[in-house]
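Each chain, written out:
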Amino acid sequence: MKKIFLLLLAFSGYILYGQQNDYPIHTVDFTQVKLTDNFWLPRIETNRTVTIPASFERCESTGRVKNFVMAAKKQGKFCTTFPFDDTDIYKTIEGASFSLAVHPDAKLQAYIDSLIAIVGKAQEPDGYLYTARTINPSEPHAWAGKERWERERELSHELYNAGHLYEAAAAHFLATKKRNLLDIALKNADLVCSVFGPDKKHVAPGHEIVEMGLVKLYRITGKKEYLATAKFFIEERGRYKGYDSTSKDSWKSGAYWQDNIPVVDQEEAEGHAVRAGYLYAAVADVAALTGDDSLIHAIDKIWTNVVEKKMYVQGSVGAIGDGERYGNNYELPNATAYNETCAAIALVYWNYRMFLLHGDAKYMDILEKSLYNGLISGVGLDGKSFFYTNAMQIKNSFQFPQMEATRSGWFECSCCPTNLARLIPSIPGYMYAQKDDNLYINLFINSNVDLNIRNKAVQIVQQNNYPWDGALVFNINPKTATAFNLLVRIPGWAQNKAIPSSLYQFQNTSAEKPVIKVNGVVVDYTITNGYAAINRTWKKNDKIEVNLPMEVRRVTANENLKEDMGKIALQRGPLMYCAEWPDNNGKTSNIIIPANATFTTEFKPNLLNGVTILKTEVPAVIINGSENISTVKQSFTAIPYYSWANRGKGEMMVWFPTQIKDIDLLAK
Ligand code: FUB
Ligand code: ZN
């Protein structure tokens, strides 16, 4: 049995002893946080009881599992569409492992073991694992190339499959302490490290994730080659001479793969948005573990570029469908917004790592924006219907074919559902982080957490009704009186900043300020890097109350976003709102929200699993007969953006004109 190098503190919080460099801040592992929350706990439960079983079922019924069975026998014909279909099994195992870690389930564990046995049999003796070739090496998948790795740069996804295997194996090992999947992953990683490197084969992986996966294996085993190979893959980018660097076409220039410029010189988020997000997250990992500041400078610049110029108001990225990619600066079209769910997930991975590097709440502001809006919009309230793309508007008059107006149970390319299956159970892991005697509270989710701060046991209980209410309570219960610095994130939106850049602003400045009380007494606080610091000796039953203003805010866009000019979007707390047809006389593209509209809010427990709606009266343009139009006053209801498309197909809008400038007449 191979030796496991380190003392484990489970999942993301695990620390590699003997490692000189690492993130200065470390995560409080999701397994330490026990949720009692009305918003997230039901979602995590739905993920456990519906999404994960449905994903496994689809992996079987679509032939993804059969591909492994055939690879083991070297018989048959690859029976699904894409060479990366193997990863749907890995990602679902990863999500199921996260779930097992907090919710033991012998049946699920046995089922995963049975799948792992199937995966193991498909692995070739030297560790290679890629069903699209192994089933029939003389006739591999068309994207795979005749020889191993030969088309890795473009399409084969051999290293992408490897990366998801490593991520799943790390999660499974940490959850179960079983080595069955880990050993398969390590054998594959050893092969990858023996094939690629400075004196070996050179390639920038065609779809990043192998880098993050290798880092996870490095953290578990301490094997330096894994980290070195992850770094090598990052440094390989921008070295290939086969692209046309002058081409505007991102495939021809290499920008599609973030391979046009060396990573340290990259300044703009370019190319395929999921690939990009996974790269930037991996760069953060490798920079943290190697102390390479040039890598940090690169992702700092790229982050600023995304947040200043390339993000939709509801936290989605990857505007352009052709190439599933980032657009040019300020290229954020509403009618064709692509916004792959996986890109939002990648953004969460990346922004969390940026927070761990820098300790600034602005990264958590972006994480929260994406998580509560453009990310969970990707999964229906039933847990088994999904969006691959996340639209910014649906109009009856015209819909681009690529834009999804209804959710699907699965996709031919089904990366997003299985990515959600692994992201959702790990959400409690983004709530708390520590550095020395500083405790960061980043997300507001009802829960109990048992911490160790400077070797003293401290329990924190969150009591809130977030994201619906801004009144937050934190009960601090150290075993014995303990001094530490509590850093409570004060979201940018509670400080009159719609986003940490000038891309979106609140139309009016609110005079309401967050109020903080300790044991019932209002305290003065200063905000540093987005956190209110409360430094004191904490005693049992100490209570902090934070009141975040929850007004309805009108959001306007930077003047470079031409399509959004003269329009507003609606935000309350961390949630972006949209109007959907069932609440607005069957139509939303005819609505005007004038400057003087005032909103009321109401929590509707029976609507969309319980949501706070925004209400007002608005003018709406209607057609009378076939020749006349008029404007009528009607009641207007907005729902949280994440909850749209759960009641059938129809119109949806995020940005609303405040005045009419012109009318486009469509013929019958
Ligand atoms: O290429 C693998 C995955 O399929 C990508 O991350 C998605 O964008 C989809 O193209
Ligand atoms: Zn996807």
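Residues numbered from 1 in each chain as written. Chains lettered and ligands numbered in written order. Predicted model: local features only at pLDDT ≥ 70, side-chain atom pairs only at ≥ 80, totals over all residues. Heavy atoms only, no water.

Asker: How would you sum up the overall build of the protein chain? Please name residues and give values.
Answerer: Scanning the protein chain from N- to C-terminus turns up 15 helices and 23 strands. Computed over its C-alpha atoms, the radius of gyration of the protein chain comes to 25 Å, within 12% of the 26 Å expected for a compact globule of 668 residues. Residue burial in the protein chain is summarised as follows: out of 668 residues, 62% are buried. Charged side chains in the protein chain number 72 positive and 71 negative. The centres of these two groups are separated by 4 Å. (Helix = DSSP H or I, 4+ residues; strand = E, 2+ residues; numbered from the N terminus. Rg over C-alpha atoms; globule rule 2.2 N^0.38 Å. Buried < 20%, exposed > 50% of the residue type's maximum accessible area, 1.4 Å probe, protein only. Lys, Arg positive; Asp, Glu negative; His and termini not counted. Charge placed at Lys NZ, Arg CZ, Asp CG, Glu CD.)

Asker: Explain the site of ligand 1 residue by residue, including any values.
Answerer: Residues in close proximity to ligand 1 include Phe84, His157, Tyr160, His207, His272, Val274, Glu324, Glu340, Tyr388, Cys413 and Cys415, which together make up its full environment. Between ligand 1 and His207, the relevant distance is 2.7 Å, taken from an oxygen atom to a side-chain nitrogen or oxygen of the residue. For ligand 1, an oxygen atom lies 2.7 Å from a polar atom in the side chain of Glu340. Contact with the protein chains hides 94% of the accessible area of ligand 1, taken as 270 Å² for the molecule alone. Its residues assigned to classes, the shell around ligand 1 shows six nonpolar, three polar and two charged. (Near = heavy atom within 4 Å. Polar contact = N/O pair within 3.5 Å; in protein donor to acceptor, adjacent residues only side chain to side chain. Areas by Shrake-Rupley, 256 points an atom, 1.4 Å probe, with all protein chains shown as cover. Nonpolar A, V, L, I, M, F, W, Y, C, P; charged D, E, K, R; others polar.)

Asker: Got a sec to walk through the domain arrangement of the protein chain? Specific residues and values, please.
Answerer: Annotation of the protein chain at the domain level lists domain 1 (432-547) and domain 2 (552-657). Once you take the C-alpha centre of each, domain 1 and domain 2 turn out to be 32 Å apart. Each partner contributes residues to the interface: domain 1 has 15 residues there, and domain 2 has 21 residues. The contact between domain 1 and domain 2 buries some 1500 Å² in all, and 55% of this surface belongs to carbon and sulfur atoms. Taken together, the links from domain 1 to domain 2 amount to zero salt bridges. Our count for the domain 1 to domain 2 interface comes out at seven residue pairs in polar contact (both at pLDDT 80 or more). Here the residues of the side of domain 1 that touches domain 2 are counted per class, giving eight nonpolar, seven polar and no charged. (Domains from an automatic or database assignment. Contact = heavy atoms within 4.5 Å. Buried area = accessible area lost by both parts, 1.4 Å probe. Salt bridge = Lys/Arg side-chain N within 4 Å of Asp/Glu carboxyl O.)

Asker: Explain the packing of aromatic side chains to me, using residue names and the numbers behind them.
Answerer: Enumeration over the complete set of coordinates arrives at 41 aromatic pairs. The interplanar angle of 40° and the centroid separation of 5.7 Å between the aromatic rings of Tyr352 and Phe355 together place this pair among those described as tilted. You can see Tyr352 and its partner Phe355 sitting in helix H13 (residues 341-358), three residues apart, about one turn around the helix. For the pair Tyr352 and Phe355, one class covers both residues: buried. Through successive ring pairs, a cluster of aromatic residues spans Phe39, Trp40, Tyr372, Phe444, Tyr466, Trp468, Phe474, Phe603 and Tyr642. A cation over an aromatic ring shows up here: Arg43 above the ring of Phe39, its NZ or CZ 4.1 Å from the ring centre. The ring of Tyr128 carries the charged tip of Arg148 above its face, separated from the ring centre by 4.0 Å. (Phe/Tyr/Trp six-rings, centres within 6.5 Å; stacked < 30°, edge-to-face > 60°. Lys NZ or Arg CZ within 6 Å of the ring centre and 35° of its normal.)

Asker: Explain the packing of helix H3 (residues 86-102) against helix H4 (residues 106-122) to me, using residue names and the numbers behind them.
Answerer: Between H3 and H4, the shortest axis-to-axis distance is 11 Å and the interhelical angle comes to 150°. If you check the angle between H3 and H4, you find them roughly antiparallel. Classified by chirality, the crossing of H4 by H3 is left-handed. Together, Ile89, Tyr90, Ile93, Ala96, Ser97 and Leu100 of H3 and Leu108, Gln109, Ile112, Leu115, Ile116 and Val119 of H4 make up the contact between the two elements. Tallied by class, the residues present in the contact of H3 with H4 amount to 10 nonpolar, two polar and no charged. (Axes fitted to C-alpha atoms, helices over the stretch in contact; angles between N-to-C directions. Parallel < 35°, antiparallel > 145°, perpendicular 65-115°, else oblique. Left-handed = near helix turned anticlockwise from the far one by under 90°.)

Asker: An account of the pattern of salt bridges is requested, with residue identities and associated values reported.
Answerer: Within this structure, the stated rule accounts for 31 salt bridges. Ionic pairing is found between Asp542 and Arg536, a salt bridge with its closest N-O pair at 3.9 Å. The class for Asp542 is buried, based on a relative accessible area of 3%. With a relative accessible area of 29%, Arg536 lands in the partly exposed category. Salt bridges linked by common partners bring Arg64, Asp85, Asp88 and Lys91 together as one network.

Asker: Explain the sheet that holds strand S1 (residues 26-27) to me, using residue names and the numbers behind them.
Answerer: Taken in spatial order, the six strands of this open sheet run S1-S4-S5-S9-S14-S13, and their pairing is mixed. The sheet is open, and its two edges are formed by S1 and strand S13 (527-528), each paired on a single side. Sheet strands in contact with helix H14 (residues 361-375) are strand S9 (482-489) and strand S14 (531-538), and its direction is about 50° off that of S9. (Pairing = 2+ DSSP bridges.)

Asker: Go over the coordination of the zinc ion (ligand 2) with me, naming the residues and quoting the values.
Answerer: Metal coordination angles have textbook ideals: 109.5 degrees for a tetrahedral set of four donors and 90 or 180 degrees for an octahedral set of six. In the first shell of the zinc ion (ligand 2), the protein supplies Glu340 (OE), Cys342 (SG), Cys415 (SG) and Cys416 (SG), at 2.0 to 2.3 Å from the metal. Each of the four donor atoms bound to the zinc ion (ligand 2) contributes to angles spanning 94 to 119°, and the resulting shape is tetrahedral. Taken in chain order, the donor set of the zinc ion (ligand 2) reads E-x1-C-x72-C-C. Cys416 matches Cys415 in its accessibility class, with the two residues each being buried. (Donors = N, O, S within 2.8 Å, 3.2 Å for Na, K, Ca; no water. Tetrahedral: all angles 85-135°; square planar, octahedral: opposite > 155°, others 65-115°.)

Asker: Any chance you could break down the sheet that holds strand S2 (residues 33-35) for me, citing the residues and the numbers?
Answerer: In spatial order, the strands read S2-S6-S7-S8-S15-S11-S12; together these seven strands make up an open sheet with antiparallel pairing. What marks the edges here is a single partner per strand, and that holds for S2 and strand S12 (521-522). Sheet topology note: the strand S6 (residues 447-453)/strand S7 (residues 456-464) ladder contains seven bridges and is antiparallel. Its bridge partner lying in S7, Val449 is registered against Ile460.

Asker: A description of the state of the cysteines should follow, citing residues and the corresponding values.
Answerer: Should the sulfur atoms of two cysteines be covalently bonded, the bond is a disulfide. Applying the stated criterion across every chain, the model contains zero disulfides. Free cysteine: Cys578, not disulfide-bonded; nearest cysteine sulfur from Cys416 at 19 Å. For Cys578, a relative accessible area of 0% puts it in the buried group. (Disulfide = S-S within 2.5 Å.)

Asker: Explain the confidence of the model for the protein chain residue by residue, including any values.
Answerer: With 97% of its residues at a pLDDT of 70 or more, the protein chain shows a mean pLDDT of 96. Within the model, pLDDT remains below 50 along residues 5-9, and this stretch shows 19 contacts once partners closer than five positions in the same chain are excluded. (pLDDT = per-residue confidence, 0-100.)

Asker: Residues and numbers for the environment of Ala168, please.
Answerer: Within the fold, Ala168 resides in helix H6 (residues 158-176). Judged by its relative accessible area of 0%, Ala168 falls in the buried class. For the pair Ala168 and Phe82, spaced 86 residues apart in sequence, the C-alpha to C-alpha distance is 19 Å. Apart from the residues within four sequence positions on either side, Ala168 is in contact with Tyr90, Glu94 and Leu181.

Asker: Got a sec to walk through a nonpolar patch on the surface? Specific residues and values, please.
Answerer: Among the surface-exposed residues, Ile623, Ile629, Ile660, Ile663 and Leu665 lie close enough to one another that they form a single nonpolar patch of about 520 Å² accessible area. By the element assignment, Leu665 lies in the segment after strand S23 (656-657). Residue classification places Leu665 among the exposed positions, given a relative accessible area of 70%. (Patch = residues over 30% accessible without salt bridge, like charges linked within 9 Å, V, L, I, M, F, W, Y side chains within 5 Å.)

Asker: Please give an account of helix H7 (residues 180-195) that cites residues and values.
Answerer: For H7, built from 16 residues, the straight-helix expectation of 22 Å at 1.5 Å per residue is met to within 8% by its first-to-last C-alpha distance of 23 Å. Looking only at H7, the buried set comprises Leu181, Leu182, Ile184, Ala185, Leu186, Asn188, Ala189, Leu191, Val192, Cys193 and Val195. Summarising the contacts, the buried residues of H7 are in contact with H3, H4, H6, helix H8 (210-221) and helix H9 (224-236). (Expected span 1.5 Å × (residues − 1).)

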